[in-house]
Amino acid sequence: MLWVSIIFLIFTATNAVELSGILKLFTPNDVILSAAADNMVSKLEKEYMKYLETGVETPTFNYLTMQLGSSRNGMDKYVRNIHKLKPVDEFFVCVVCRAMVGVIDRTFRDEQNDLNGPKGDVVAKKIAMDACQRLKVQTKEVCEGLFDGHWPILRYIIENTSVDAKTICSFYIQFTFCNVADHPKFNFNLELDDADQPSIIASKSNRGRKTSKDLNILHLTDIHHDPLYEPGSLAECDEPLCCQRHKSLAIGTPKAAGYWGDYRECDLPWHTVNQAFTHIRQAHADIDYIFQTGDVIDHMMWSTSMAKNKVVYERVVKRIYELFPEVPVYPCIGNHEAHPLNLFSPTYAPDSVNSHWLYEFLYDIWSKWLPADTKETILRGGYYTALPRPGYRIISLNNNDCYTDNWWLFYNGTDMKTQLMWLYETLLAAERANEYVHILAHLPSGDDTCWNVWSREFNRLVRRFRETISGIFNGHSHADEMHVHYTSGGYAVAVTFNGGALTTWTYKNPNYRIYRVEPKTLQVVDHETWIFNLTAANIAGAAESPRWFKEYIFSEEFTDDLSPAGLDNLLEQMADNPRLLEKFWRFKMLSTDQRLRKGCNRSCMLKTICRLAVTVNDQRRRCEELTARLIKAMDSSYE
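All of these numbers come straight from a predicted model, not from anything done at the bench. (Residues numbered from 1 in each chain as written. Predicted model: local features only at pLDDT ≥ 70, side-chain atom pairs only at ≥ 80, totals over all residues. Heavy atoms only, no water.)

> Help me understand the overall build of the protein, please; the structure alone is not making it clear to me.
The number of helices and strands found in the protein is 24 helices and 12 strands. For the protein, buried positions account for 60% of its 639 residues. Contacts in the protein between residues at least 24 apart in sequence constitute 71% of all its contacts with a sequence separation of at least 6. When the accessible surface of the protein is split by element, carbon and sulfur atoms take 51% of a total near 25,600 Å². (Helix = DSSP H or I, 4+ residues; strand = E, 2+ residues; numbered from the N terminus. Buried < 20%, exposed > 50% of the residue type's maximum accessible area, 1.4 Å probe, protein only. Contact = heavy atoms within 4.5 Å. Areas by Shrake-Rupley, 256 points an atom, 1.4 Å probe, with all protein chains shown as cover.)

Right under this line is the structure:
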């Protein structure tokens, strides 16, 4: 009887559309909350179809859209990933995604509807713009720009696949109550030659030792240069990226953008990018290699173009080449390099919606340092392998294959198997040649925006080649962090290092990393992070360059054992000592003034320890063990 009463309450609340009441009753992972979302989706989709067919806005239609529109929590959906959203925003995104995809799906696939005729694009835009404004999704300018850029590809995908709204939104919103759809057509397993591999009975503990011949590798990531940045312009705007205009409204107010950048929803002006590169050139004369793990383009996602992206990318990368002419640069592709944003097509897609233009452009630039034999795979999919010296192999992936904002996943989820099988074959050849490997990729495999099927199979490869892979290097999260890879038995076998971000977006001090790498086995034996304080830099303004300083050296603050076993042991120490974990969080947040003032509460601490131990989103055994220990430690500190 209790469950009957709960379900009755939920559906009564949903019929009244009082979202705050629903979300007070249940956690975002509750199955019943998912049922409430389904019920609202059904009603909203039905009412929207009535409106499109008759032009009449019924009272129910107006009430549904009004409640949803007023429920959104400001900018949260545009500056945070799904796992960081509040329950009310998760509910909004889930309902709007399912309902509007459902409306377009039903309308577009109905052979009697205008969307199948010459008016299709006009009608689709009308639907999208109406929903955008009615539900207060974003400004008209942003919605129109996103639609114009993305619709041709979305239309092609809708026309050529039968994927439904629930499946699409389950891809996009993984690991919350919204993810209830099964994806049998989008699942696959790599065929690995690992039958004779010995069982893993312990964490990988062989550790490199510092030597006088250690390599120094510079890690640059998430540069996000904004060519339209205007010091003194409005830093608090209605769009996902600010600091570009409305200077007259900002002059003399705290809303004015700083000279060197801004902590709010803003990217970097050219003079800051150039100053950062110049500083690195002067401060580090001993750099052996540069890793650049993606996202050179800004966050003006509604206003990208092939021409603009090319100009920005070429300007940034050519400056790196100019300042470091003798240092080999190994890049990979970020999700922002694409136009339209996030979309990376399979090779067989028609020319009108193909990503081939991007791969040709990048090869022309990258070929300064990359060998000629990388051309085939770069043109095929934006990935490559290179041998900087005998015994040392670099593999650069385009793992936007796993990015849940890449709509081509909906077209054929098994397309991504091609690159992963290439990775397997490349690692197998490296193993046989006694080479050690560094893997570069933009997205961490445990990120909530990386599809779990891809991350699961990638982690199978990491476990299989644990003795060959000496390090994995990512970006994307804009956080100075790391991730430990585990077997199903809980043994640590590899480590991913994340280099933070040069951009300030959002609430971060600009940073870069220097790795110290032992030259024989290519293990990272230490790393240091450099930052400048943006508040202080902006107070000085144009009269003085930012004062970069070494924020911390990992071995001095945490441990000098950076093997998987050593870092797993560090995670246990963090779980038992919340103050140690809090120190890690401060460095993860790049000592940003606003972040430090706000602090890291209990929920933040639990998420921080869990993220360190997750590289496949639905494999959370080690996360759960560590969070249980952390809860116990935090509770005992208050006794």
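We are not done yet, so read on.
> Is there a simple way to think about helix H11 (residues 270–283) in this case?
Note: α-helices contain 3.6 residues per turn, so residues at a spacing of three or four share the same orientation. Taking 1.5 Å per residue, 14 residues should reach 20 Å; H11 reaches 20 Å between its end C-alpha atoms and fits that length. Within the sequence span of H11, burial applies to Trp270, Thr272, Val273, Gln275, Ala276, Phe277, His279 and Ile280. Buried residues along H11 sit in contact with strand S1 (215–220), helix H12 (306–323), strand S10 (511–517) and strand S11 (524–531). (Expected span 1.5 Å × (residues − 1).)

> I would appreciate a short explanation of the UniProt feature "binding site: Zn(2+) 1" (unreviewed entry) in the protein in the present structure.
The residues that UniProt annotates with the feature "binding site: Zn(2+) 1" (unreviewed entry) are Asp222, His224, Asp295 and His478. Over a stretch of 257 residues, the named residues converge on one spot in the fold, their C-alpha atoms separated by at most 10.7 Å. Relative to the helices and strands, Asp222 resides in the loop between S1 and helix H10 (247–250). Taking the relative accessible area as the measure of exposure, Asp222 reaches 0% and is therefore buried. Setting aside its immediate chain neighbours within four residues, Asp222 contacts Gly294, Asp295, His442, Gly475, His476, His478, Gly500, Ala501, Leu502 and Thr503. Within the structure, Asp222 has its side chain in polar contact with the side chain of Thr221 (distance 2.7 Å). (UniProt positions renumbered as here; feature names shortened; annotations may be inferred. Polar contact = N/O pair within 3.5 Å; in protein donor to acceptor, adjacent residues only side chain to side chain.)

> Got a minute to help me understand the packing of aromatic side chains in this structure?
Within a pair of aromatic rings, the relevant descriptors are the distance that separates the centres and the angle that separates the planes. For the structure on display, the rule yields 28 aromatic pairs. Seen from their ring centres, Tyr313 and Phe361 are 6.0 Å apart, and the 70° between their planes marks the pair as edge-to-face. With a gap of 48 residues between them, Tyr313 in helix H12 and Phe361 in helix H13 (residues 356–366) connect regions that are remote in the sequence. Here the two residues Tyr313 and Phe361 agree in accessibility, since each one is buried. The interplanar angle of 75° and the centroid separation of 5.5 Å between the aromatic rings of Trp408 and Tyr411 together place this pair among those described as edge-to-face. In this pair, Trp408 and Tyr411 both sit in helix H15 (residues 408–411), three residues apart, roughly one turn of the helix. An aromatic cluster of at least three residues, connected via ring pairs, comprises Tyr552, Phe554, Phe558, Phe584 and Phe587. Here the basic side chain of Arg134 rests over the ring of Tyr51, its NZ or CZ set 4.9 Å away from the ring centre. Cation over ring: Lys368 sits above Tyr321, and NZ or CZ is 5.8 Å from the ring centre. (Phe/Tyr/Trp six-rings, centres within 6.5 Å; stacked < 30°, edge-to-face > 60°. Lys NZ or Arg CZ within 6 Å of the ring centre and 35° of its normal.)

> Is there a simple way to think about the sheet that holds S10 in this case?
Note: strands within a sheet are paired through backbone hydrogen bonds, in either parallel or antiparallel orientation. Pairing is mixed in the open sheet, where six strands are placed in the order S3-S2-S1-S10-S11-S12. Pairing within the sheet leaves two strands with one partner each, and these edge strands are strand S3 (329–331) and strand S12 (549–553). If you compare each strand with its neighbour and ignore which way they point, the axes differ by 25° on average. (Pairing = 2+ DSSP bridges. Axes fitted to C-alpha atoms, helices over the stretch in contact; angles between N-to-C directions.)

> How should the side chain of Arg622 be read in this particular structure?
Topologically, Arg622 is positioned in helix H24 (residues 621–637). Only 2.8 Å separates the side chain of Arg622 from the side chain of Glu572, close enough to count as a polar contact. With residues up to four places along the chain from it excluded, the contact list for Arg622 reads Tyr486, Asp568, Glu572 and Ala613.

> Looking at this structure, how should I read the nonpolar core?
In a soluble, globular protein the nonpolar side chains are often hidden away together inside. Grouped together as the largest cluster of nonpolar side chains are 92 residues, with contacts concentrated most on Phe277, Ile290, Tyr313, Tyr330, Trp366, Phe558 and Met574. The leading source of residues in this core is H13, at eight residues. Mapped onto the domain boundaries, this core takes at least three residues apiece from domain 2 (372–498) and domain 3 (558–638). For Trp366, the residues in contact, after removing those within four places along its chain, are Tyr313, Tyr321, Pro331, Cys332, Ile333, Ile378, Gly382 and Tyr384. Counting residues in each nonpolar core, the second largest holds 45 residues, with Ile395, Trp408, Leu409 and Met421 among its members. (Core = buried A, V, L, I, M, F, W, Y, C linked by side-chain atoms within 4.5 Å. Domains from an automatic or database assignment.)

> Sorry, what's going on with the pairing of strand S9 (residues 492–499) here?
The side chains of a regular strand alternate between both faces of the sheet. Of all eight residues that make up S9, eight are buried, and the element is covered over most of its length. As defined by bridge partners, strand S7 (residues 469–474) adjoins S9 across three bridges and the pair is classed as parallel. Paired with Ile472 across the bridge in S9 is Thr496. Sheet topology places strand S8 (residues 480–486) next to S9; seven bridges connect them, and they run antiparallel. Of the residues in S9, the one forming a bridge with Asp480 is Gly499. Following S8, the chain reverses through five residues before pairing antiparallel with S9; Gly490 in that reversal takes a positive phi of roughly 90°.

> Help me understand the pattern of salt bridges, please; the structure alone is not making it clear to me.
Side chains that carry opposite charge are capable of pairing whenever their charged atoms lie near each other. Taken as a whole and assessed by the stated rule, the structure comprises 39 salt bridges. Across the pair Glu230 and Lys247 runs a salt bridge whose closest N-O atoms are separated by 3.2 Å. With Glu230 in the loop between S1 and H10 and Lys247 in helix H10, this pair connects stretches of sequence that are 17 residues apart. One salt-bridge network, in which partners are shared between bridges, spans Asp568, Glu572, Asp576, Arg621, Arg622, Glu625 and Arg629. (Salt bridge = Lys/Arg side-chain N within 4 Å of Asp/Glu carboxyl O.)

> Looking at this model, I keep getting lost on the state of the cysteines. Mind explaining?
Inspection of every chain in the model, using the stated rule, returns six disulfides. Each sulfur in the disulfide pair Cys132 and Cys143 lies 1.6 Å from the other. Its S-S torsion of approximately 65° makes the covalent link between Cys132 and Cys143 right-handed. Remark: Cys143 occurs in helix H8 (residues 140–160) and Cys132 occurs in helix H7 (residues 120–134); sequence separation between them is 11 residues. A relative accessible area of 4% means that Cys132 is categorised as buried. Judged by relative accessible area, which is 11%, Cys143 ranks as buried. (Disulfide = S-S within 2.5 Å.)

> Is there a simple way to explain the packing of H12 against H13 in this structure?
For any two helices packed against each other, the geometry comes down to the angle between their axes and how far apart the axes lie. Interhelical geometry of H12 versus H13 gives an angle of 20° and a closest axis separation of 11 Å. Comparing their axes, H13 and H12 come out roughly parallel. For the element pair H12 and H13, the recorded crossing hand is right-handed. Taking contact as the criterion, the partners of Met306, Lys310, Tyr313, Glu314, Val317 and Tyr321 in H12 are, on H13, Trp357, Phe361, Leu362, Ile365 and Trp366. (Parallel < 35°, antiparallel > 145°, perpendicular 65-115°, else oblique. Left-handed = near helix turned anticlockwise from the far one by under 90°.)

> Just to check I follow, could you spell out the side chain of Thr615 for this structure?
Here Thr615 shows up in the loop between helix H23 (602–612) and H24. On the basis of relative accessibility, which here comes to 6%, the residue Thr615 falls in the buried class. Contact partners of Thr615, with chain neighbours within four places excluded, come to Ser445, Gly446, Ser455, Asn459, His483, Val484 and His485.

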